Amino acid sequence: MPPQERQSKRHDEVPGRFADILQRSIREGIASTVGRDTAFAVEFYVDSSLAAKDIAAYTAALERMFAAGSKVIEERCARALYLNLGLEFKAVGGFGLDDYVE
């Protein structure tokens with residue numbers, strides 16, 4: 001299969017799996033920031049499946065939990081998301097995870 005067709009097929013499959021990719025990326029981003037054990041605790045209090053349903057509510061919950069530190073976590077989650085989607089990540093000042101997802 002030519003590379004362009006493989007690329008096209010891969011992107012066609014992404015919308016159906018986006019919620020799963022988003023959840024996995026959030027777990028990876030949190031774990032890379034606070035460690036795997038703490039990431040499990042965060043998941044207990046703020047379920048990453050909420051992110052797929054209401055990303056703004058999820059980021060608000062992270063902000064309540066981590067205050068200013070949530071911005072670092074959100075950027076790492078966004079980096080993981082873009083990597084998992086095969087996209088190039090570019091940090092944008094003032095953006096939160098919800099902005100990168102949208």
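What comes next is a walk through the structure. These numbers come from a predicted model, not from an experiment.

1. Considerations on the overall build of the protein chain
Next up, step 1: Along its length, the protein chain carries six helices and zero strands.
Next up, step 2: In the protein chain, buried positions account for 31% of the 102 residues.
Next up, step 3: When contacts within the protein chain are restricted to residue pairs at least 6 apart in sequence, long-range pairs at least 24 apart make up 54% of them.

2. Some words on the environment of Ala80
Next up, step 1: Residue position: Ala80 is located in helix 5 (residues 70-85).
Next up, step 2: Overall, Ala80 belongs to the buried group, its relative accessible area being 9%.
Next up, step 3: Between the alpha carbons of Ala80 and Ile26 there is a distance of 7.4 Å; along the sequence they are 54 residues apart.
Next up, step 4: The residues touching Ala80, leaving out its near neighbours within four places in the chain, are Ser25, Glu28 and Gly29.

3. Brief notes about helix 4 (residues 55-66)
Next up, step 1: Between its first and last C-alpha atoms helix 4 spans 16 Å; for twelve residues at 1.5 Å apiece the expected length is 16 Å, and the two agree.
Next up, step 2: Taken as a whole, helix 4 has its buried residues at Ile55, Tyr58, Thr59, Ala61 and Leu62. Each buried residue of helix 4 lies within a common arc of 155° when the element is viewed along its axis, so the set occupies one face.
Next up, step 3: Ala67 sits one or two positions beyond helix 4 and adopts a positive phi of about 55°.

4. Some remarks on the pattern of salt bridges
Next up, step 1: Under the definition given, this model contains five salt bridges.
Next up, step 2: Between Glu43 and Arg27 there is a salt bridge; the shortest N-O distance is 3.5 Å. Within this pair, whereas Glu43 is found in helix 2 (residues 36-45), its partner Arg27 is found in helix 1 (residues 3-34), the two being separated by 16 residues in sequence.
Next up, step 3: Taken together, the salt bridges that share partners define one network made up of Glu63, Lys71 and Glu74.

5. Some points on helix 5
Next up, step 1: In a regular helix each residue adds 1.5 Å, so 16 residues correspond to 22 Å; helix 5 covers 22 Å between its end C-alpha atoms and thus fits that length.
Next up, step 2: Within the span of helix 5, buried status applies to Ser70, Ile73, Glu74, Cys77, Ala78, Ala80, Leu81, Tyr82 and Leu85.
Next up, step 3: Once helix 5 ends, the next one or two residues include Gly86, with phi positive near 75°.

6. Topic: the environment of Asn84
Next up, step 1: Turning to its location among the elements, Asn84 is positioned in helix 5.
Next up, step 2: For Asn84 and Leu22, which are 62 residues apart along the polypeptide, the C-alpha to C-alpha distance reads 8.7 Å.
Next up, step 3: For Asn84, the residues in contact, after removing those within four places along its chain, are Ile21, Arg24, Ser25 and Glu28.

7. A few points about the packing of helix 4 against helix 5
Next up, step 1: Close contact between helix 4 and helix 5 brings their axes to 9 Å; oriented N to C, the two are set at 140°. Considered as vectors, helix 4 and helix 5 are oriented oblique to each other. Between helix 4 and helix 5, the contacting residues are Thr59, Leu62, Glu63 and Phe66 on the first element and Ser70, Lys71, Ile73 and Glu74 on the second.
Next up, step 2: Partitioning the contact of helix 4 with helix 5 into residue classes produces three nonpolar, two polar and three charged.

Rules used in this analysis
Once a new chain begins, its residue numbering starts again from 1 and follows that chain's sequence as written. Given that this is a predicted model, residues contribute local features only at a pLDDT of at least 70 and side-chain atom pairs are listed and counted only at 80 or more, while totals for whole chains, interfaces and linings are drawn from all residues. In computing side-chain properties, one takes all heavy atoms of the structure into account and sets aside hydrogens as well as water. Helix and strand labels come from DSSP, where a helix needs a run of H or I of at least four residues and a strand needs a run of E of at least two; each type is numbered from the N terminus. Only protein chains enter the area calculation, which uses a 1.4 Å probe; residues under 20% of their type maximum are buried, those over 50% are exposed, and those in between are partly exposed. The contact definition used throughout considers only heavy atoms, calling two residues in contact when any of these lie within 4.5 Å. Take the number of residues in a helix, subtract one, and multiply by 1.5 Å to get its expected span. It is the directions from the helix axis to the C-beta atoms whose arc is reported. The rule for a salt bridge is simple: a side-chain nitrogen of Lys or Arg has to be within 4 Å of a carboxyl oxygen of Asp or Glu. Axis definition: a line fit to C-alpha positions, over the contact stretch in the case of helices; interaxial angles, taken between N-to-C directions, run 0 to 180 degrees. An angle below 35 degrees is treated as roughly parallel, one above 145 as roughly antiparallel, one from 65 to 115 as roughly perpendicular, and anything else as oblique. In this classification, Asp, Glu, Lys and Arg are treated as charged, Ala, Val, Leu, Ile, Met, Phe, Trp, Tyr, Cys and Pro as nonpolar, and every other residue, Gly included, as polar.

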